[in-house]
Protein chains: 2
Amino acid sequence: MSWQKILGAVIGGALLLTAGILLGHFAIPKGGADQGAPSWVQTVGRDLDESLLQSFMDQVESGKIRENLKALASRPHMATTEGDEALVKLLLSRWQDQQTGLDSASEDVYGAFLSFPDPQRPNSVAVGAWGPNSSQIFTSRRSEKNVTADQAHADVVQPYAAYAPPGNPRGRLVYANQGKRSDYQKLVQMGIDLNGTIAITRYGGAGRADKAVNGAEFDVAGVVVYTDPGDINDGQASEEETYPNSWYMPPSGVERGSYNGYFGDLLTPYYPAKEFTYRIKESEIQGIPPIPTQPIGFEDAKTLICNLAGPVAPVAWQGSLGCSYHVGPGFRTGGQFPNTSDVQVNVHNQRVIKNSSNVMGFIRGSEEPDRYILYGNHRDSWVHGAIDPSSGTAVMLEITRVLGKMLKEGKWRPRRSIIFGSWGAEEFGLIGSTEYTEEFYSKLRERSVAYINVDISVFANATLRAQGTPPAQSVIFAAAKQVQTPASTSMSVYDNWRNHFNRSSPSYGIIPSLGSLGAGSDYASFIHYLGITSMDIAYTYDRSKTSARIYPAYHTAFDTFDYADRFIDPGFTSHQAVARTAGNVLLRLADSLILPLNVSDYGEKLDELYSTAAQGNFLATLTANNISLGPLKAAIGRFKSVAADFNQRIRKLKEEESPSPLQIRMVNDQIMLLERAFLNPKAFPNKYYYSHVIWASKSSDQATFPGLADAYASALETKDWDQVRKHLTIAVQAVESAASSLEAVA
Amino acid sequence: MSWQKILGAVIGGALLLTAGILLGHFAIPKGGADQGAPSWVQTVGRDLDESLLQSFMDQVESGKIRENLKALASRPHMATTEGDEALVKLLLSRWQDQQTGLDSASEDVYGAFLSFPDPQRPNSVAVGAWGPNSSQIFTSRRSEKNVTADQAHADVVQPYAAYAPPGNPRGRLVYANQGKRSDYQKLVQMGIDLNGTIAITRYGGAGRADKAVNGAEFDVAGVVVYTDPGDINDGQASEEETYPNSWYMPPSGVERGSYNGYFGDLLTPYYPAKEFTYRIKESEIQGIPPIPTQPIGFEDAKTLICNLAGPVAPVAWQGSLGCSYHVGPGFRTGGQFPNTSDVQVNVHNQRVIKNSSNVMGFIRGSEEPDRYILYGNHRDSWVHGAIDPSSGTAVMLEITRVLGKMLKEGKWRPRRSIIFGSWGAEEFGLIGSTEYTEEFYSKLRERSVAYINVDISVFANATLRAQGTPPAQSVIFAAAKQVQTPASTSMSVYDNWRNHFNRSSPSYGIIPSLGSLGAGSDYASFIHYLGITSMDIAYTYDRSKTSARIYPAYHTAFDTFDYADRFIDPGFTSHQAVARTAGNVLLRLADSLILPLNVSDYGEKLDELYSTAAQGNFLATLTANNISLGPLKAAIGRFKSVAADFNQRIRKLKEEESPSPLQIRMVNDQIMLLERAFLNPKAFPNKYYYSHVIWASKSSDQATFPGLADAYASALETKDWDQVRKHLTIAVQAVESAASSLEAVA
């Protein structure tokens, strides 16, 4: 052969060999014993997909949220009424939709103990001369004035105080400010004989039920509650200044509400209100009004208060009804009523057990189906409930629409399972969510990563407002930084939030201030009873522009779609920002390989609780009683050090190219279960459900560990310093337990 | 080219291409994104290695266990004494040994509230004429007779009733059988005035403390307790018939013990007894003797009882002291004592807080370090404690020696972490183990798969005896089938066990009978407080050959190495069988890919609890009170169905070639946490620690759910059927919760 041919053959052979090598290596999958890795090797380590997150946010439409709200608030939907049942069907149909639904949806029913007024015998507050020839010379409005046709809907429930007992007490009227114990004490100090009186009180300062519970202790016979325009309307009180001309509450507006001090079904504490469940006697219920109680509008309140006799009320008790408030008892001479007139509170409420539904929606997690991210809001309202709660449900439905679409199109399935809850009967005391946590206590406690609550999603359109336990801070911040404000595409929700509410953090400098969770919405049983990291997200007021206690139409017949559309969030861009933020949080929790909850952020909270105890009178009095905070300080120090080490280990794990899924699961379980380590079901035996040692309710103003604060306040009177020692032990043990849970395992 | 050349070129090219393909496919590892599988892909799915399990069992030596026991029982080692502290060092040195130690070992110290006699003022039971010229004519022995030199050791603690209060009550002697409430009632019925008497009672029938607690209710002034030879010695009572000539208790033997009704450190319920911990007042302690109490030997008891005056005791009260038992009060005329003689109980016990240690040993798990298999036994004894507890510790040390060797030689590392506990101060009330569960409550609750307790490992050498909750049955059976009996290599421990103790199971036919766990050893807080699947393993009696209440040297100065070596287990082959069985259980739990705990076995137990309630008077009385067991039946039915489905899913998972490690973890977590679903910390507010709805202690004999049984018994008197309804709800909710926890996730 010629050298050209030889060269050609060699080159050709080399090319063929090379081609073969390339084909063999790249085109044919490895087989046999080394048959590649199982398919889960790739998926098991998959992290959050940022582009998918962005795509989710892009798809959230303000217009769809507006449509949702219009449908949700089209009619009154108080718990268990026809309107509520219609929304159960709406939720189910959305979540079972073939194009945009979830994996599945179902309805859970509980027999909830509720309280309703009697449509045949309206409640009222009346003034009259009640002798043998009784004549009623004033009666409070039966309901709100019809200003936009919505108020005339047949299903609008007349204003009432849920769980207040029926009765018709009659007596001299006194004005008792906010109905706090100290308010009644003040009246006694002023020489007022409260026995048999009717007390009129304004909303605020004390829980709804407390106004009557406290009053009964002073032998008050009945309680009237109203909303002062100074507290809700920035002082505006005329029809011209109020809805439908502004967002302010009209003179006829009445805040309805549940008058109970605890949450959950009142007859079945700790157990789900199922058919099989034992129910306590009504007489065993604690924390509800022992005397008839009725709310009225400020138009009627003005008629009553501005005609009172007696001494002028203290300055701090004065409001914006346009007169000088006197305390009574009884009416002044020369006023609208004969000065012999009494006031009668007529309450015909009926207590009844009715079926209330939770609607539950599920998306099964691909890798860790046994880890739950919970997201919920209640469904029931008092009247149309456009803002409370439908603004939140409208947001939830838009989030589930976009996620459902991504799911049905095969573009996405979360790493962890997502559970959506549309809770029933929240307004009566967080009943649906509480019964759910009772029924599935064990399972939820073991598997739940976090609970996201979006109840009222938009109180106002100025800024984000978030509440949560410290580990929630990091994920909410991460989300808020990725969402733009409704007002400006150049400003993040995070920056705007920091401008409105901020604090100086020892670790981070000036950051948005995350609020604390009380028991005001459905997160209560998740955090207090189950110890699940919880958060509540909303848009809210510019506090430089209003001092309203809450949005003025709250729990009135004016909380309508029109009100939301024209005054709360025209364009629904704040709703959109909340949907994007909460949805971003949800996706981060569901999809991040390592849970985006920074456990070390608990350290700042613990430091704060400690430092408020370790100073001033509090410290001096403890020291005088031979009680040392040293062990608490040491425990917090250990927690902070252990948490820092934990974060260091996470950083190293993130640097590993392909960490074992069980290693990842281990640290994720430590993150998830940290909150549980603060639980102590024996800590507060007299406080239903409260078992989280950091967040339990307390009566004392001292901003330290709640058990310690209350035991201290009590010991100042009783000298029972052993209770303080006990609660100090409880606090130390909780912090030590939390530290232990984050230590390197074994 | 010729066709040959063309053919040659084509073939050559084809060969080269093929060679290239082969080279490319097999010789060059996949690179880049597809670079083979991470190393954990293989290890993460590794299952139990049966050959390694066999190797472990082969290496367990009876001779080593004998050596261990000799070292452990060489001197008395009551909690916190020098002997105990010496064993702390021994344990630490074994577990920190370079050749056969564990990964690490440490000492955890608690300040335990203990009770000791005063060495300067020995306790006694005396007879005398106590007038102005008092003369003591009889005094009980200070301690056991010295028969093998061991009894003369300076550290032998004199017999006493721990936690009995000091005092010197004096009165007429009465014989009160076992000191049950019904026994004292019987005496009253017989016309005996118990006021101010001293009651002599025999061990058995009631808890130690109850004899005094009950007596005090009847105004008894002091209590004497002894062991009747009829209860412990099969009637044998002479020196010739007893140790050192047989295993029976000599006449001077005295059973010491802790006289408390609850477990855990008595001053720090629910909190670890650390320096920072609040301690309740001694006066707040519940369940300890309110009156002086002292145990004596039957030699002394005979002198007292056989001289009693009064009516003859009932037949069931008679024992084997060799005389007719009379009940008193006081001594008979013509007996050993003047009939005017009184008996005085002299108790000088002192209560003191002393440091008691747990020694903890760790082996870190390779794949799931955050899953714990716990194995423990207490270290402290009353005297030499050869059997109680050193027979268990000798076994534990042999297990850790073999595992430690395999570990140090690099032959083995468990999939899950193993934690060994040598608990302190068990004899005083399970203090070390309880404080441990209190200190690490949260962590242990979240991570513990099971707790294995081997306290007394060999009561006698006839058969295995195991107690545990139903899921433990499957793993104990699997282990017992792989171990041969000491007596015969052709019979398995399992078959021999089934010959001695068996039951007819609806699912399996005739199988060995797994006993229930009470609160008699350190498993108590693991099962009752933490809800961790627990078990207790030992070798025990042939019940056809002895009716001894327990091995006769129990808690006496005769429980020595010599006693164990000559009478309990000569050759230590029963110890070896227990070590192999318990070690096999441990390895199965630590190494099996899927946890070898069969959750569906709970179904049989639930059926049993239900069926005893759903019949006879119990059912009829419930029905008469309008209480239906229907919901309980339905819940149990659901549990059984869900558990069967769960096992079906496990079978499918086992058939998969390479299931995802997170899928495996998911079902393992469901298995691990099933037991936790039965916990209800609100169910028994008055029973310290008991929160497991199936296994809580109860007073009633009715073999059904304990809360239901006790509420029923109480309602028969009080007519409080609401409590029965409540406990029925508690039972239904626990079973429903357990079923939910096993359901397919999401």
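Residues numbered from 1 in each chain as written. Chains lettered and ligands numbered in written order. Predicted model: local features only at pLDDT ≥ 70, side-chain atom pairs only at ≥ 80, totals over all residues. Heavy atoms only, no water.

### A closer look at the sheet that holds strand β7 (residues 198-202) of chain A
Residues and elements named next belong to chain A.
Phase 1: A sheet is described by the order of its strands in space; here 4 strands give the open sequence β6-β7-β8-β10, paired in parallel fashion. This sheet does not close on itself; its edge strands, each paired only once, are β6 (173-175) and β10 (293-296). Pairwise comparison of adjacent strand axes, ignoring direction, gives a mean angle of 25° for this sheet.
Phase 2: Sheet topology places β7 next to strand β8 (residues 222-226); 5 bridges connect them, and they run parallel. (Pairing = 2+ DSSP bridges. Helix = DSSP H or I, 4+ residues; strand = E, 2+ residues; numbered from the N terminus. Axes fitted to C-alpha atoms, helices over the stretch in contact; angles between N-to-C directions.)

### As for the sheet that holds strand β3 (residues 135-139) of chain A
All names here are of chain A.
Phase 1: Taken in spatial order, the 4 strands make up an open sheet running β3-β2-β11-β5, and their pairing is antiparallel. The open sheet has two free edges, formed respectively by β3 and β5 (170-171), since each of these has just one partner strand.
Phase 2: Along the sheet, helix α9 (residues 298-305) contacts β2 (124-129), β3 and β11 (342-346); its crossing angle with β3, the most-contacted strand, is approximately 130°. (Contact = heavy atoms within 4.5 Å.)

### Notes on the packing of helix α10 (residues 386-408) of chain B against helix α17 (residues 573-591) of chain B
Residues and elements named next belong to chain B.
Phase 1: At a minimum axis distance of 9 Å, the contact between α10 and α17 shows a crossing angle of 55°. The angle between α10 and α17 places the two elements in the oblique class. By crossing handedness, the relation of α10 to α17 is classed as right-handed. Taking contact as the criterion, the partners of S391, V395, I399 and L403 in α10 are, on α17, H575, V578, A579, A582, G583, L586 and L587.
Phase 2: Classifying every residue of the contact of α10 with α17 gives 8 nonpolar, 3 polar and no charged. (Parallel < 35°, antiparallel > 145°, perpendicular 65-115°, else oblique. Left-handed = near helix turned anticlockwise from the far one by under 90°. Nonpolar A, V, L, I, M, F, W, Y, C, P; charged D, E, K, R; others polar.)

### Regarding helix α5 (residues 82-95) of chain A
Residues and elements named next belong to chain A.
Phase 1: Over its 14 residues, α5 extends 20 Å from the first C-alpha to the last, a length consistent with the 20 Å expected when each residue adds 1.5 Å.
Phase 2: Residues of α5 that are buried include every one of G83, D84, L87, V88, L90, L91, L92 and W95, and no others.
Phase 3: Among the structural elements, α4 (62-72), β1 (104-116), β12 (350-363), α10 (386-408) and β14 (416-423) are those in contact with the buried residues of α5. (Expected span 1.5 Å × (residues − 1). Buried < 20%, exposed > 50% of the residue type's maximum accessible area, 1.4 Å probe, protein only.)

### Overview of the side chain of S258 of chain A
Residues and elements named next belong to chain A.
Phase 1: Here S258 is to be found in strand β9 (residues 257-258).
Phase 2: Given a relative accessible area of 6%, S258 falls into the buried group.
Phase 3: One polar contact links S258 to N260, side chain to side chain, over a distance of 3.1 Å.
Phase 4: For S258, the side chain forms a polar contact with the main-chain oxygen of F428, separated by 3.0 Å. (Polar contact = N/O pair within 3.5 Å; in protein donor to acceptor, adjacent residues only side chain to side chain.)

### Quick notes on the environment of E446 of chain A
Residue and element names in this part refer to chain A.
Phase 1: In this fold, E446 is placed in helix α12 (residues 441-447).
Phase 2: What makes E446 buried here is its relative accessible area of 6%.
Phase 3: E446 sits 223 residues away from D669 along the chain, and the two C-alpha atoms are 9.5 Å apart.

These figures capture arrangement, not role.
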